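The lines below spell out each chain.
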Amino acid sequence: MLTNLKVDPEQLPKRVIVCGDPKRAALIAARLEGTRQIGENREYHSYAGNWKGTEVAVVSHGVGAPGAAVCFEELAKGGVQVIIRVGTAGSYQPQIKPGSLVISTAAVRQDGLTSQLVPPGFPAVADRRVADALVQTAKAHEAGLDIAEGITLTLDVFYNGVLEFPHKLYQKAGVLAAEMENSALFVIAGLRGMKAGAILAIDGYADADLLASYNPHTETVAKAIEAEALIALDALVSVSA
């Protein structure tokens, strides 16, 4: 039994979709055939089912790299071989508007977790085969959404404190968006031999005053989240485990 996920590894498929929100995990899992819940503990809600003839799982990991890392590590212990994160992010570029999708090819490690796992120069990189599958699947879906691919940034801060985070520095460097878990996923996948990727629905601008202007609960964002889940499922079953 996986300690924190409370999942029997024998019930865990080799391909997994992960997302932060347990409710989103349930919605994605509802699209599978023969959906069954295989575990529930804290923020970790796990489901298994069939997508287009392939057994897959959907597991929620909560908010932030440390808690998500527990999920990713235990999935690795359970024998998972391919993992795709379906998430949300704040845009760093004006042309990447709310409702767009971003496929992350790598993550800037501005989280606190990965610095305790690997040296400073260790990269957080998506698996090329998974990233390519996401790109090709997104093009095939023709969902009418703007889709970008490139580097994202992982950080721990959601609301600013007295210190200023250097958003503009990363904007100038060409980073596409900021979120809170990708670097943990990519580093742990690299260490544990999993193929990992991530697709993100843009729900606002990362350098905006969140208290005043952030509203992820729009129809535009909901449409993007629905589209990215379908893209991720099709990409997941196209990558060899």
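Predicted, not measured: the structure shown is a model, and the values here were computed from it.

Caption draft 1: Representation of the packing of helix 2 (residues 65-77) against helix 5 (residues 182-192). Packing of helix 2 against helix 5 leaves a shortest axis separation of 9 Å and a crossing angle of 30 degrees. In this view, helix 2 runs roughly parallel relative to helix 5, as classed from their interaxial angle. Every pair of crossing elements has a handedness; the one defined by helix 2 and helix 5 is right-handed. Between helix 2 and helix 5, the residues in contact are Ala 65, Ala 69, Phe 72, Glu 73 and Ala 76 and Ala 184, Leu 185, Ile 188 and Arg 192, respectively.

Caption draft 2: Focus on the packing of aromatic side chains. In the structure shown here, the tally under the stated rule is 2 aromatic pairs. For the ring pair Phe 158 and Tyr 159, a centre distance of 4.9 Å and an interplane angle of 85 degrees mean the geometry is edge-to-face. For Phe 158, a relative accessible area of 38% puts it in the partly exposed group. Both rings, one in Phe 165 and one in Tyr 170, keep their centres 5.9 Å apart while their planes meet at 15 degrees; by these two values the pair is stacked. Each of the two residues, Phe 165 as well as Tyr 170, counts as buried.

How each quantity is defined
Residues numbered from 1 in each chain as written. Predicted model: local features only at pLDDT ≥ 70, side-chain atom pairs only at ≥ 80, totals over all residues. Heavy atoms only, no water. Axes fitted to C-alpha atoms, helices over the stretch in contact; angles between N-to-C directions. Helix = DSSP H or I, 4+ residues; strand = E, 2+ residues; numbered from the N terminus. Parallel < 35°, antiparallel > 145°, perpendicular 65-115°, else oblique. Left-handed = near helix turned anticlockwise from the far one by under 90°. Contact = heavy atoms within 4.5 Å. Phe/Tyr/Trp six-rings, centres within 6.5 Å; stacked < 30°, edge-to-face > 60°. Buried < 20%, exposed > 50% of the residue type's maximum accessible area, 1.4 Å probe, protein only.

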